[in-house]
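# What the coordinates show
For reference, the chains in residue letters:
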Amino acid sequence: MEKRFVYADNAATTQVSQSVLNAMLPMFTEGFGNASSIYKLGMDAAKTVLASRERVANALGAKVNEIYFTAGGSESDNWAIKGAAENGAKKGKKHIITTAVEHHAVLHTCEYLEKHGFEVTYLPVDEYGRVTAEQVANAIREDTCLVTIMFANNEIGTIMPIKEIGAVCHEKKVIFHTDAVQAVGHVNINVKEMNIDMLSLSGHKLHAPKGVGALYIRTGITLPNLIAGGAQERGKRAGTENVPGIVGLAQAITDACKDIDEKNAKLSAKRDRLIEGILKIPQTRLNGHPTQRLAGNANISIRGVEGESMLLMLDLNGICASSGSACTSGSLDPSHVLLAIGLPHEIAHGSLRLSFDEDVTDEDIDYILDVVPNVVARLRAMSPLWERICKTENLNPDGTPKE
Ligand SMILES: *Cc1c(COP(=O)(O)O)cnc(C)c1O
């Protein structure tokens with residue numbers, strides 16, 4: 001098959017779309033005013049920021065005053081969690097509930113708070129990476145000030161029962177934050193119907209540029225100011241607005257939230273064909289929930305291969321992908337998410353994440369299905385680990401059981 005370039009790492013970042021770029025470009029040139037200035041150029045910028053805030057609010061079912069622009073998902077997560085913790089501490093509430101599978105922006109923030117006198121409950125997940133509302137209900141205490149649980153997992157694509165978790169939090173009067181960076185634009189979200197008090201999102205995961213995001217904060221919650229300075233973002237997050245980024249985010253979220261169900265139906269059909277095809281390789285397994293998962297996410301463990309080697313060989317074949325193993329994360333431990341769903345280290349190390357946007361073609365899928373089995377066969381052929389597995393489990397070199 002002819003070599004192609006296939007970008008299959010949209011969970012890491014996405015390309016800025018043409019529609020987003022078109023919306024942004026004038027803001028660098030004619031529309032460059034400071035939104036705080038009083039002359040027309042500045043007021044026009046302020047109007048553009050307001051219109052963008054409305055578009056983001058509409059996409060989430062929020063009110064315009066409930067949207068705060070930030071520099072991305074990590075910043076939104078930090079602000080929501082540290083802010084709710086600071087508010088809680090004032091009332092003597094220093095307990096936080098989260099899950100074992102959160103993004104590091106959440107986990108490392110929780111670890112920071114643990115060093116500063118907070119207690120954090122890390123809820124375990126089931127084999128698919130889900131927690132239940134009942135687990136959350138049982139973990140809530142008198143001194144719980146925050147529940148923070150991601151909407152959809154960035155590695156295995158599993159979608160959490162957010163609405164039910166939110167209902168439990170509201171019943172017990174605990175603030176509920178969700179890191180929805182992977183979900184916004186890919187899952188229908190209405191913060192009111194889903195009982196969400198705070199929600200983090202990021203531009204570069206939905207075809208807007210890097211370095212812009214937002215935090216939804218429900219009316220009635222007053223977080224401490226994040227950045228002291230000017231009056232931007234209603235005095236809570238100072239700094240001259242990133243107008244091009246904000247315009248890009250608003251365009252991206254509007255585009256992404258159009259016809260989500262239709263787009264997902266097409267995308268998940270392609271993804272399922274891909275998963276089915278890769279699972280034909282013996283000694284592989286799907287990670288994450290079979291149906292409650294992001295339409296563009298496939299995560300598969302392949303025994304007897306090292307994730308890093310697989311990525312390098314896929315790269316040589318023009319395929320950009322990701323893995324849950326060592327070096328990519330800068331540590332020697334395999335992904336905390338794959339360990340949390342119960343995978344042994346050896347299997348977690350050989351995991352492959354392919355994440356698509358709706359532009360992926362059938363030809364792209366065919367190409368991946370052509371390349372991956374060859375790459376796996378070559379890596380297994382030189383792997384002492386695979387040789388040992390075959391010997392101890394009485395398998396043929398291709399992984400099928402010996403008769
Ligand atoms: C990418 C990501 C983040 C971080 O967002 P940035 O905008 O890169 O800071 C946080 N949470 C999840 C689930 C993500 O996928």
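Each value, and the rule that gives it
Residues numbered from 1 in each chain as written. Predicted model: local features only at pLDDT ≥ 70, side-chain atom pairs only at ≥ 80, totals over all residues. Heavy atoms only, no water. Helix = DSSP H or I, 4+ residues; strand = E, 2+ residues; numbered from the N terminus. Buried < 20%, exposed > 50% of the residue type's maximum accessible area, 1.4 Å probe, protein only. Contact = heavy atoms within 4.5 Å. 1 Å grid on protein atoms, 1.4 Å probe; cavity = no way out; pocket = protein on both sides within 12 Å on 5 of 7 lines; lining within 4 Å. Points joined across faces, edges and corners; volume = space filled by probe spheres on them. Nonpolar A, V, L, I, M, F, W, Y, C, P; charged D, E, K, R; others polar. Axes fitted to C-alpha atoms, helices over the stretch in contact; angles between N-to-C directions. Parallel < 35°, antiparallel > 145°, perpendicular 65-115°, else oblique. Left-handed = near helix turned anticlockwise from the far one by under 90°. Pairing = 2+ DSSP bridges. Near = heavy atom within 4 Å. Polar contact = N/O pair within 3.5 Å; in protein donor to acceptor, adjacent residues only side chain to side chain. Areas by Shrake-Rupley, 256 points an atom, 1.4 Å probe, with all protein chains shown as cover. Phe/Tyr/Trp six-rings, centres within 6.5 Å; stacked < 30°, edge-to-face > 60°. Lys NZ or Arg CZ within 6 Å of the ring centre and 35° of its normal.

### Points about the side chain of Gln 232
Position of Gln 232 relative to the elements: it lies in the loop between strand E8 (213-217) and helix H7 (243-256). You can call Gln 232 buried: its relative accessible area is 10%. Beyond its immediate chain neighbours, meaning those up to four positions away, Gln 232 contacts Ser 36, Arg 237, Ala 238, Gly 239, Thr 240 and Glu 241.

### Here's the deal with the layout of surface pockets
To locate leftover empty space, one rolls a probe as large as a water molecule over the atoms. Quantified by volume, the largest pocket comes out at close to 680 Å³. Lining the largest pocket we find 33 residues, and of these Asn 10, His 207, Asp 357, Glu 358 and Asp 359 sit closest to its centre. Going through the elements one at a time, strand E1 (6-7), H7 and helix H8 (260-278) are the ones with two or more residues in the lining of the largest pocket. Of the residues that constitute the lining of the largest pocket, the class distribution is 14 nonpolar, 12 polar and 7 charged.

### Section: the packing of H8 against helix H12 (residues 362-381)
Where H8 meets H12, the axes come as close as 10 Å, and the angle between the chain directions of the two elements is 15°. Classified by the angle between their axes, H8 and H12 sit roughly parallel to one another. Pair H8 / H12 crosses with right-handed handedness. Across the interface between the two elements, Lys 270, Arg 273, Leu 274, Gly 277 and Ile 278 of H8 pack against Asp 362, Ile 365, Asp 366, Ile 368, Leu 369 and Val 372 of H12.

### Things to note about the sheet that holds strand E9 (residues 284-286)
Within the open sheet, the 3 strands sit side by side as E9-E10-E12. Their pairing is antiparallel. With partners counted over all chains shown, the strands left at the sheet margins are E9 and strand E12 (351-355), one partner each. Each neighbouring strand pair of the sheet contributes to a mean axis angle of 25°, computed without reference to strand direction. In this structure, E9 lies alongside strand E10 (residues 297-302), joined through 3 bridges in antiparallel fashion. Bridged to Leu 286 within E10 is Ile 300. Running over the sheet, H8 touches E9, E10 and E12 and is turned about 5° from E10. Here helix H9 (residues 307-316) sits on the sheet in contact with E10 and E12, set at roughly 45° to E12.

### Focus on the site of the ligand
By nearness alone, 13 residues border the ligand, and Ser 74, Asp 179, Gln 182, Ser 202 and Lys 205 come closest of all. Interatomic distance of 2.6 Å between a side-chain N/O atom of Asp 179 and a nitrogen atom of the ligand. Side-chain polar atom of Ser 202 to an oxygen atom of the ligand: 2.6 Å apart, as the coordinates give it. Within the complex, 87% of the 380 Å² of free accessible area of the ligand lies under protein.

### Here's the deal with the packing of aromatic side chains
Scanning the entire structure with this criterion turns up 1 aromatic pair. With 5.7 Å between their ring centres and 85° between their planes, Tyr 68 and Trp 79 make a pair best called edge-to-face. With Tyr 68 in strand E2 (residues 67-70) and Trp 79 in helix H3 (residues 73-90), this residue pair connects regions lying 11 residues apart in the sequence. Of the residues examined, Tyr 68 reaches a relative accessible area of 7% and is grouped as buried. Residue Trp 79 is classed as buried on the basis of its relative accessible area of 2%. The positively charged end of Lys 82 is found above the aromatic ring belonging to Tyr 112, 4.9 Å away from the centroid. Positioned over the ring face of Trp 386 is Arg 380, at 3.9 Å from the centre of the ring.

### Things to note about the environment of Gln 251
On the secondary structure map, Gln 251 appears in helix H7. The class for Gln 251 is buried, based on a relative accessible area of 14%. Sequence spacing of Gln 251 and Arg 55 is 196 residues, and the spatial spacing of their C-alpha atoms is 7.9 Å. When sequence neighbours within four positions are dropped, the list of residues in contact with Gln 251 reads Ser 19, Val 20, Ala 23 and Arg 55.

### Concerning the sheet that holds strand E7 (residues 198-202)
In any sheet, the strands associate via hydrogen bonds between backbone groups, in a parallel or an antiparallel arrangement. Judged by pairing direction, the sheet is mixed, and its 7 strands sit side by side in the order E2-E8-E7-E6-E5-E3-E4 without closing on themselves. Only two strands of the sheet have a single partner each, and these edge strands are E2 and strand E4 (119-123). Geometrically, the sheet is characterised by an average inter-axis angle of 20° between neighbouring strands, direction not taken into account. Summarising the sheet, strand E3 (residues 95-99) and E4 pair through 5 bridges and their orientation is parallel. When the bridges of E4 are listed, Ile 97 appears paired with Thr 121. Sheet contacts for helix H2 (residues 40-60): E2, E7 and E8; angle to E2, the most-contacted strand, approximately 115°. Against the sheet, H7 makes contact with E2, E7 and E8, and its axis sits at roughly 100° relative to E7, the strand it touches most.

### Points about unusual backbone geometry
Phi angles above zero are rare outside glycine, and Asn 195 is one such case at about 60°. For Asn 195, the position within the fold is in the loop between strand E6 (175-179) and E7. By relative accessible area, which is 18% here, Asn 195 ends up buried. At Glu 233, a position not held by glycine, the phi torsion is positive, near 50°. Locating Glu 233 in the fold gives a position in the loop between E8 and H7.

### Focus: the pairing of E2
On E2, burial covers both faces: Ile 67 and Phe 69 on one face and Tyr 68 and Thr 70 on the other are all buried. Sheet topology note: the E2/E8 ladder contains 4 bridges and is antiparallel. Each bridged residue has a counterpart across the sheet, and for Ile 67 the counterpart in E8 is Tyr 216.

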